[in-house]
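# Breakdown of the fold
These are the residues of each chain, in order.
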Amino acid sequence: MAQLLTGTDPQAIFTAAALLRAGDVVAFPTETVYGLGANALDERAVAQVFAIKNRPHFDPLIVHIADKDAVALYATDIDERAAALMERFWPGPLTLVLRKRPNISDLVTAGLDTVAIRVPAHPVALALLRAVQVPVAAPSANPFGYVSPTTALHVQELLGTAIPLILDGGPCTVGVESTVCALTERQAIILRPGGVPIEAIEAVISPVTLASPTQADARSPGTLLSHYAPHVKLRLLAPGEPIPHVGENERVGLLLLQPRPNVIGYAATEVLSQDGNLTEAAANLFAALRRLDAAGLDAVIVEPVPEHGLGRAIMDRLRRAAGNTRRAGNPLGFVL
Ligand code: TXA
Ligand code: MG
């Protein structure tokens, strides 16, 4: 099993940085989800990340750096929009897709001429990035397609036998992955809604467009497949659709944004926020999905959330988890 070390301990940071520099992988906390990191300049190390996650090589990784000044080492054409977004949101849950420099390997970027970069806002992640002094490529620390981990224990359960070390930084405060924003064309495009709401990005640069599913497919290969999926079957209700009654012999779970009166018959219920707060709901989402997945249910009914603020990222993850995002069109036929 992976060693689990408290990320605030300087000795743990030293150990983790030494492993990364030696070409090994390390799981570490960020404010969004836990990442599985490798030295982004070391192809063999990056190849391990793909192998451990069983991740297809066409799905590029995000490069994590400690300081926005380092972005110019790995990307070019950093324009005023990029500068303004970095100034406002870094460190934080915003990933920028920029033209890449040749030092970032094709394995990291899946052969694209762009690189996704962010500065995470977690003290343990930042301490690690400063100590290791190389950029760290890190996808979420889960087997490909499954729900992302938001605690060190989740990582231990998912990947503990495959990796040497997990830094524990407590539960992730944001709880959904970073917003991915491409700045490689005149029009800024949100390829993945995430921890920074699109409204907040629009307040800094405009116009901003949210990629349609087909655009996201073409430009952000990782969004091609259904993702974030627990093993149990999810059914996402349409907005306003009443919560169905459950038959006597069924074991059905219910995922609610906030408490509701008169729901009966459900074998397990998860409530994301007592007062319907979308930021709190995002922070609780993945852990709630995992608990429902572990409850031995036949299916889970999911209530949709309003699509503003972090609600957009929540709905994106729920649609993918429910598999009604082009699973049928999945060209490689992954079973998730
Ligand atoms: O919050 C996060 O972003 C977490 C933490 C660990 O930082 N990381 C994360 O990584 O969610 P991952 O690998 O699970 O998702 C990365 C997403 C994928 O949808 C991928 O396709 C997209 O970023 N991406 C990476 N590089 C890209 C590029 N050059 N162009 C377009 N999309 C890119
Ligand atoms: Mg992921």
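Residues numbered from 1 in each chain as written. Chains lettered and ligands numbered in written order. Predicted model: local features only at pLDDT ≥ 70, side-chain atom pairs only at ≥ 80, totals over all residues. Heavy atoms only, no water.

## Some details on the packing of helix α1 (residues 10–21) against helix α6 (residues 123–132)
Geometrically, a packed helix pair is captured by the angle between its two axes and the distance between the axes. Look at α1 against α6: their axes get within 9 Å of each other, and the N-to-C directions meet at 55°. If you check the angle between α1 and α6, you find them oblique. For α1 against α6, the interelement crossing comes out right-handed. Counted together, I13, A16, A17, L20 and R21 of α1 and V124, A127, L128, A131 and V132 of α6 form the full contact between these two elements. Among the residues forming the contact of α1 with α6, the class breakdown is nine nonpolar, no polar and one charged. (Axes fitted to C-alpha atoms, helices over the stretch in contact; angles between N-to-C directions. Helix = DSSP H or I, 4+ residues; strand = E, 2+ residues; numbered from the N terminus. Parallel < 35°, antiparallel > 145°, perpendicular 65-115°, else oblique. Left-handed = near helix turned anticlockwise from the far one by under 90°. Contact = heavy atoms within 4.5 Å. Nonpolar A, V, L, I, M, F, W, Y, C, P; charged D, E, K, R; others polar.)

## Some points on the pattern of salt bridges
Applying the stated criterion across every chain yields a total of 15 salt bridges. For R118, the salt bridge identified is with E31, shortest N-O distance 2.8 Å. Placement of the pair is R118 in strand β7 (residues 114–118) and E31 in the loop between β2 (26–28) and β3 (35–39), with a sequence separation of 87 residues. Judged by relative accessible area, which is 2%, R118 ranks as buried. Between R312 and E199 there is a salt bridge whose closest N-O contact spans 3.5 Å. Taken together, the residues R312 in helix α11 (residues 311–321) and E199 in helix α8 (residues 198–202) connect sequence positions 113 residues apart. (Salt bridge = Lys/Arg side-chain N within 4 Å of Asp/Glu carboxyl O. Buried < 20%, exposed > 50% of the residue type's maximum accessible area, 1.4 Å probe, protein only.)

## Some remarks on the sheet that holds strand β16 (residues 299–302)
Sheet architecture is open: four strands sit in the order β13-β16-β14-β15, paired in parallel fashion. Every other strand in the sheet has two partners, leaving β13 (233–236) and β15 (268–271) as the edge strands with one partner each. The average angle at which neighbouring strand axes cross in this sheet is 20°, direction not considered. Sitting on the sheet, helix α10 (residues 278–293) touches β13, β14 (252–256), β15 and β16, and the angle it makes with β14 is about 170°. Each of β13, β14 and β16 touches α11; the most contacted strand, β13, lies at about 130° to it. (Pairing = 2+ DSSP bridges.)

## Focus on the pairing of β14
Where burial is concerned, most of β14 is hidden: five out of the five residues are buried. Burial along β14 is two-sided: the face carrying V252, L254 and L256 and the face carrying G253 and L255 are both buried. Here β14 pairs with β16 via four bridges, running parallel. Note that in β16 the partner of L254 across the bridge is I301. Where β14 meets β15, four bridges bridge the pair, whose relative direction is parallel. Bridge assignment links G253 to a residue of β15, and that residue is A268.

## Here's the deal with helix α4 (residues 80–89)
Every buried residue of α4 is accounted for by R81, A82, L85, M86 and F89. One side of α4 holds all its buried residues, which, seen down the axis, span an arc of 125°. Those residues of α4 that are exposed and aimed more than 90 degrees away from the buried face are E80, E87 and R88. Buried residues along α4 sit against α3 (71–74), β6 (94–100), β10 (179–182), β11 (188–192) and α8. (Arc of directions from axis to C-beta.)

## A word on the domain arrangement of the protein
You can read the domains of the protein as domain 1 (3–210) and domain 2 (233–322). Distance between the C-alpha centres of domain 1 and domain 2: 28 Å. Opposite the 22 residues of domain 1 that make contact, domain 2 presents 15 residues. Summing both sides of the interface, domain 1 and domain 2 together bury roughly 1,500 Å²; the carbon and sulfur share of this comes to 58%. Among the residues domain 1 hides against domain 2, the three largest losses belong to V147, V176 and P193. Together they make up 31% of the total. Where domain 1 touches domain 2, the interface holds three salt bridges. Of the charged contacts in the structure, one is a salt bridge between R290 and E157, with a shortest N-O distance of 2.5 Å. Joining domain 1 to domain 2, the criterion identifies seven residue pairs in polar contact (both at pLDDT 80 or more). At the level of elements, α7 (152–159) and α8 are the ones that each hand at least two residues to the side of domain 1 that touches domain 2. No other element matches the three residues that α7 contributes to the side of domain 1 that touches domain 2. (Domains from an automatic or database assignment. Buried area = accessible area lost by both parts, 1.4 Å probe. Polar contact = N/O pair within 3.5 Å; in protein donor to acceptor, adjacent residues only side chain to side chain.)

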